[in-house]
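What the coordinates show
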There are 2 protein chains.
Amino acid sequence: MENQSTEVSAIHEFLSKVEVFKDLPPQSLQIIDKRIKKMSFNKGDKIISEYERAKGVFFVHSGMVKLTKQNEQGNELIVCMKKKGDIFAEACLFNYGDLTYPATGTMIKPGEIYFLSTEDFEQELLLNPELAVQMIRYMGETLRDLTSIMRDIALLDVYTKTMKMLERLAEKFGANRCNRMYIELPLTIQEFSTLIGTSRESVSRVFSKLRKEGLIDIKQKHIIITDWCKFCAVYKNKLM
Amino acid sequence: MENQSTEVSAIHEFLSKVEVFKDLPPQSLQIIDKRIKKMSFNKGDKIISEYERAKGVFFVHSGMVKLTKQNEQGNELIVCMKKKGDIFAEACLFNYGDLTYPATGTMIKPGEIYFLSTEDFEQELLLNPELAVQMIRYMGETLRDLTSIMRDIALLDVYTKTMKMLERLAEKFGANRCNRMYIELPLTIQEFSTLIGTSRESVSRVFSKLRKEGLIDIKQKHIIITDWCKFCAVYKNKLM
DNA sequence: GAATAAATGTGATATTTTACACATTCTTGT
DNA sequence: ACAAGAATGTGTAAAATATCACATTTATTC
């Protein structure tokens, strides 16, 4: 009885963090809960590599992950940032054959990651249409976001790209406190530059300018948009 | 009896073109076949707009479609090219709320497109785990492709981007005849430039150079890689 | 098939962005 | 708290790319 109760609450707690599991019947949740592996990572730890054979899907329970893709010259682009409730490596599902992971995943803020083997997750997907539907929804959303970011990276100049990426980060990682937007994501300028595919020096210059204009502030690798209203005004104006 | 027979063959014919339907039970196929709408389009016709409310999912039966995304300044990027058997606008599935299409779809080679309303397709997905699985697989593949292209657009110089995109197009649209790779896709240089996010002049210059080197040839909007082996050798060498 | 429109090629120039250099400022581990 | 390493800011020079201009070629339409 005691065991049953803690198990249910553990499932429930996990549930609340991962949206795709929200409509699952309790028995499926128990199976997943039994199969899933919890793993702790420190900052800087590599979770998966794009050169490694894909073995499963990952769910962020806490902490943050950057997904990067390298090219032949060794330069890299951050393709996506994941936080609590997000899923990654789902692009390998049902892609039979020895496929590698779609990107390299590195912890940028320590936390717990849940792992489910491809086989286990695929089986659950076949048994639970609700789960499959949630995955399709989630992947669709990712697809939309990616194409928008791709367009901006391809077509905008450094200043505008930077502003737009700041806006995106604020949207996903921002906490607005009295018109100050705290981007709760530890990120160096160096990393920011690989988010939009430009040199760190160029980003540094844009940030200097924004700082001079009193639009942003950086405290311990955390960007703060000091006046969200003003920022949005400048941003909208820039896009016209 | 006669009717039954033609219906089955029509389903079968359609089936063979769209991979996600391949494992569907016959009764589901019949339902889909009944609900699906066939539409013909001429070259240049707009099928969907990114500013229009999403109503359904599209399947390319014949012809070719370019999917573009505009930014606020009106510049556009080709996000993906679709051919026979491909699906588009799937990113809207299960995203309740009045979402617009993820991109604008324009016919670049005339053909037939099948349309299935979001509701009908979502219903089938809930009833057929096999179909849902195929969608997840398809979307995963798209996700992989997109992130790779994004990385290349962000990090490579114009010459290398051009080469890499030619290689991708050859992969998807190429017909190799005696070491000559015919890219069976009508594409102006102007359009090619919006595929990699650079100016048409820059692409024109790269193409001139490639033509001088005897690597490519353009005949009626069709790019031909005149010596596939040589092209691959130059390409691999460039990446080192 | 002639007329009109659209796309292309290329030189010259302007603009943007990167690359390099190096002093300075943060971080981190002990 | 201190030393070592990492990250940052910024001037200058170099390189890449975009823009403009316009002649030329290629499609399209009636």
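A brief look at the structure comes next. Note that the structure is predicted; figures quoted are calculated from it, not measured.

Section: the protein's contact with DNA strand D
Near DNA strand D, the surroundings consist of 18 residues, among which Arg200, Ser204, Ser208 and Arg211 of chain A together with Ser202 of chain B are the closest. Within 4 Å of the protein, the contacting atoms of DNA strand D are 51% sugar and phosphate, with bases supplying the remainder. A distance of 2.6 Å separates a phosphate oxygen of DNA strand D from a polar side-chain atom of Arg211 of chain A. Glu201 of chain B has a polar side-chain atom sitting 3.4 Å from a base nitrogen of DNA strand D. Elements supplying a minimum of two residues to the surface near DNA strand D: helix H6 (189-196) and helix H7 (200-212) of chain A together with helix H7 (200-212) of chain B. In terms of residues, the surface near DNA strand D owes the most to one element, H7 of chain A, which gives six residues.

Let's talk about helix H4 (residues 129-155) of chain A
With 27 residues, H4 of chain A should reach 39 Å at 1.5 Å per residue; the first-to-last C-alpha distance of 39 Å fits that figure. Burial analysis of H4 of chain A places 22 of its 27 residues in the buried class, which makes it a mostly covered element.

Considering the packing of aromatic side chains
Counted according to the given criterion, the structure contains 20 aromatic pairs over all chains. When the centroid spacing of 6.4 Å and the interplanar angle of 85° are considered together, the rings of Phe94 of chain A and Tyr96 of chain A count as edge-to-face. According to the relative accessible area criterion, Tyr96 of chain A is exposed, its value standing at 63%. Centre to centre, the rings of Trp228 of chain B and Phe231 of chain B are 5.6 Å apart; their planes meet at 10°, and the pair counts as stacked.

Describing the protein's contact with DNA strand C
Surrounding DNA strand C, one finds 19 residues, the nearest of these being Ser202 of chain A together with Arg200, Ser204, Ser208 and Arg211 of chain B. Val158 of chain A has a polar backbone atom sitting 3.0 Å from a phosphate oxygen of DNA strand C. At 2.5 Å from a phosphate oxygen of DNA strand C is found a side-chain nitrogen or oxygen belonging to Ser202 of chain A. Element by element, the count of residues in the surface near DNA strand C is highest for H7 of chain B, at six residues.

Concerning the state of the cysteines
Residues and elements named next belong to chain A. Throughout the structure, instances matching the rule amount to zero disulfides over all chains. Cys80 takes part in no disulfide bond, and the closest cysteine sulfur, belonging to Cys92, lies 14 Å away. Looking at Cys229, it has no disulfide partner, and the nearest cysteine sulfur is the one in Cys232, 6.9 Å off. The exposed category is assigned to Cys229, whose relative accessible area is 53%.

With respect to the pattern of salt bridges
It is possible for side chains of opposite charge to pair when their charged atoms get near one another. A complete count under the given rule lists 26 salt bridges over all chains for this structure. For Arg137 of chain A, the salt bridge is made with Glu141 of chain A, and the minimal N-O distance between the two is 2.9 Å. Taken together, the positions of Arg137 of chain A and Glu141 of chain A, both in helix H4 and four residues apart, correspond to about one turn of that helix. The exposure class assigned to Glu141 of chain A is partly exposed, which follows from its relative accessible area of 34%. Across the pair Arg151 of chain B and Asp152 of chain B runs a salt bridge, and its minimum N-O distance is 3.2 Å. Asp152 of chain B shares its class with Arg151 of chain B; the two are buried. Each member of the salt-bridge network shares a partner with another, and the members are Glu72 of chain A together with Arg151, Asp152, Lys164 and Arg168 of chain B.

Concerning the sheet that holds strand S7 (residues 104-109) of chain B
Residues and elements named next belong to chain B. Taken in spatial order, the four strands line up as S2-S7-S4-S5 in an open sheet, and their pairing is antiparallel. Strand pairing shows two members of the sheet lacking a second neighbour, strand S2 (46-48) and strand S5 (76-82), which therefore form its edges. The sheet shows a mean angle of 35° between the axes of neighbouring strands, taken without regard to direction. The sheet contacts of helix H6 (residues 189-196) involve strand S4 (64-70), S5 and S7, and relative to S5 the element is tilted by about 95°.

Things to note about the relation of the copies chain B and chain A
By a simple turn and slide, chain B fits onto chain A: the slide is 0.0 Å along the axis, the RMSD is 0.0 Å, and the turn is 180°. The superposition of one copy onto the other is thereby described by a two-fold rotation axis. When the interface residues of chain B are mapped onto chain A, 100% of them again fall at the interface, so both copies present the same face.

Section: the environment of Leu24 of chain B
Residue and element names in this part refer to chain B. Along the chain, the position of Leu24 falls in the loop between helix H1 (2-15) and helix H2 (26-35). Given a relative accessible area of 8%, Leu24 falls into the buried group. Put simply, Leu24 and Lys212 are 188 residues apart on the chain and 51 Å apart in space, counted from C-alpha to C-alpha. In contact with Leu24, other than residues within four places in its own chain, are Leu29, Ile32, Asn128 and Leu131.

The rules behind the values
- Residues numbered from 1 in each chain as written.
- Chains lettered and ligands numbered in written order.
- Predicted model: local features only at pLDDT ≥ 70, side-chain atom pairs only at ≥ 80, totals over all residues.
- Heavy atoms only, no water.
- Near = heavy atom within 4 Å.
- Polar contact = N/O pair within 3.5 Å; in protein donor to acceptor, adjacent residues only side chain to side chain.
- Helix = DSSP H or I, 4+ residues; strand = E, 2+ residues; numbered from the N terminus.
- Expected span 1.5 Å × (residues − 1).
- Buried < 20%, exposed > 50% of the residue type's maximum accessible area, 1.4 Å probe, protein only.
- Phe/Tyr/Trp six-rings, centres within 6.5 Å; stacked < 30°, edge-to-face > 60°.
- Disulfide = S-S within 2.5 Å.
- Salt bridge = Lys/Arg side-chain N within 4 Å of Asp/Glu carboxyl O.
- Pairing = 2+ DSSP bridges.
- Axes fitted to C-alpha atoms, helices over the stretch in contact; angles between N-to-C directions.
- Contact = heavy atoms within 4.5 Å.
- Least-squares fit on C-alpha atoms with pLDDT ≥ 70 in both.

So far we have only geometry, and geometry alone does not tell us how the molecule works.
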